[in-house]
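Commentary on secondary and tertiary structure
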Amino acid sequence: MDQTIQNLLHLGLREYEAKIYVALVGLGEANVRRIHEVSRVPRPRVYDVLTTLAEKGFIEIRQGSPSMYRAVDPEVVVSYLKRDLDTAAEESVKALEALSVDAEQKAAPIWYVHSDWTIQRNLEVLIEGVARDLIVLCFEEETLKKFLGPVQAVAADRSVKVLFPRGYAGVVAPPVGITFYEPGPAGPSFGAKVVDEVLAVPISREGAVFNLECIFIADDQQSMLIYNQNGSRMAVIITLPFITAVQSRLFTRMLEHAHEVHAGE
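Quick look at the structure, then. The model shown is predicted, which means the values in this text are computed figures rather than measured ones.

**A look at the overall build of the chain**
Assigned secondary structure in the chain consists of ten helices and eleven strands. With 265 residues in all, the chain has 38% of them scored as buried. Put simply, 57% of the contacts in the chain that link residues at least 6 apart link residues at least 24 apart. Per element, the accessible surface of the chain, about 15,300 Å² overall, is 54% carbon and sulfur.

Set out below in structure tokens:
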């Protein structure tokens, strides 16, 4: 019975309403005293709740001394509650969409996202906006695999290039439409030093350890940095033109001096 009451609460009934309705379904027909005993709703509240349920059309009353109450067919009641819940859900979606449009107009150029689900949704939005090319810097193969779905979708008709630190790219075969690269030879190569000696190295700050997992750059308009902080995955989304333009040009230059890598190399 407890689970049934919980389900009715999810559908929109209040606790006492759910308890009394469930009790009446089990009793078939009962007076206030019996309803109080079975539902365990305080007797002074039983009258008010019965009146509310009757106004909603969920119970029927047979006047007398004492008055008797019975529940309307559960299928009818649940169908009504579900319809009311669906209407509320649709109205909420419309209201939230209106808020999101307003929020986009006021969006900050840098914001943080938590949880893999939220990162996935934001990555899909970022990739949907790719007009020319998507550049990915990958420092954690498993992270790329986890979020590869949206990346593969854009690779069908746009350029997708993934740059790894040296020794990483040959682990897996590039998916169709995606090209894997590694920086040029070690030594004076600026690109190699940035990827291997700066971005791929954990950074410690005030007791926290940060590991960069992936960077996604959509044209020169938007970028997402997925990183791990003390075991928790997070992301930073950047739309500030000064930063995204520099990122795009820097990593494009790195790719110009990088070499393509195939699985097994």
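**A closer look at the side chain of S223**
On the secondary structure map, S223 appears in strand β9 (residues 222-229). Here Q247 takes part through its side chain, which lies 2.7 Å from a polar atom of the side chain of S223.

**Considering the packing of helix α1 (residues 2-11) against helix α2 (residues 15-27)**
Following both chains from N to C, one finds α1 and α2 inclined at 130 degrees, their axes separated by 9 Å at the closest point. Accordingly, the angle class assigned to the pair α1 and α2 is oblique. Note on packing geometry: the crossing formed by α1 with α2 is right-handed. Between α1 and α2, the residues in contact are T4, I5, L8 and L9 and E15, A18, K19, Y21 and V22, respectively.

**Here's the deal with the packing of aromatic side chains**
Tallied over the full model, the rule gives three aromatic pairs. Arranged with centres 4.8 Å apart and planes meeting at 70 degrees, the rings of F164 and F180 form a pair that is edge-to-face. Taken together, the positions of F164 in the loop between β5 (159-163) and β6 (178-182) and F180 in strand β6 put the pair 16 residues apart, joining distant regions of the chain. Accessibility assignment for this pair places F164 and F180 in one class, buried.

**Observations concerning the pairing of β5**
Bridge count for strand β4 (residues 133-138) against β5 is five bridges, and the pairing is parallel. In the strand pairing of β5, L134 is matched with V160. In this sheet, β6 lies alongside β5 in parallel orientation, the contact comprising four bridges. Looking at β6, one finds that K161 is bridged to T179.

**Brief notes about the pattern of salt bridges**
Taken as a whole, this structure holds 15 salt bridges when the rule is applied. Of the charged contacts in the structure, one is a salt bridge between E15 and K19, with a shortest N-O distance of 3.0 Å. Of the two residues, E15 and K19 are both situated in helix α2; the distance of four residues between them amounts to about one turn of the helix. Taking the relative accessible area as the measure of exposure, E15 reaches 41% and is therefore partly exposed. Between D116 and K146 there is a salt bridge, and its shortest N-O distance comes to 3.5 Å. Taken as a pair, D116 in helix α6 (residues 116-128) and K146 in helix α7 (residues 141-146) lie far apart in primary sequence, 30 residues in all. By relative accessible area, K146 is classed as partly exposed at 43%. Each of D116, K146, E213 and R233 takes part in a single network of salt bridges with overlapping partners.

How each quantity is defined
Within every chain, residues take consecutive numbers counted from 1 along the sequence as written. Only residues with pLDDT of at least 70 get local features here, since the model is predicted, and only at 80 or more are side-chain atom pairs given and counted; chain-wide, interface and lining totals rely on the full set of residues. Side-chain descriptors were evaluated using all non-hydrogen atoms of the structure, hydrogens and water having been removed beforehand. Helix numbering and strand numbering both begin at the N terminus, where a helix is a DSSP run of H or I of at least 4 residues and a strand a DSSP run of E of at least 2. For each residue, the accessible area found with a 1.4 Å probe, counting protein chains only, is set against the maximum for its type, and the residue is called buried under 20%, exposed over 50%, and partly exposed in between. Only heavy atoms matter for contacts: two residues are in contact if any of them lie within 4.5 Å across the pair. Only the protein chains shown count as cover for residues, and the accessible areas themselves come from Shrake-Rupley with a 1.4 Å probe. Polar contacts, as used here, are pairs of N or O atoms within 3.5 Å; protein pairs need one atom able to donate a hydrogen and one able to accept it. Residues neighboring in sequence count only if both atoms are side-chain atoms. Where helices are involved, their axes are fitted lines through C-alpha atoms of the stretch in contact, as for all axes, and angles between N-to-C directions lie from 0 to 180°. Any angle between 65 and 115 degrees counts as roughly perpendicular, while under 35 counts as roughly parallel, over 145 as roughly antiparallel, and the rest as oblique. Left-handed describes a crossing whose near helix is turned anticlockwise from the far helix by less than a right angle; the clockwise case is right-handed. Pairing of aromatic rings covers Phe, Tyr and Trp, the last through its six-membered ring, and needs centres within 6.5 Å; plane angles under 30 degrees mean stacked, over 60 mean edge-to-face, and all others mean tilted. When DSSP finds at least two bridges between two strands, those strands are taken to pair. Whenever Lys or Arg places a side-chain nitrogen within 4 Å of a carboxyl oxygen from Asp or Glu, that contact is recorded as a salt bridge.

No statement about biological role is implied by the geometric values presented.
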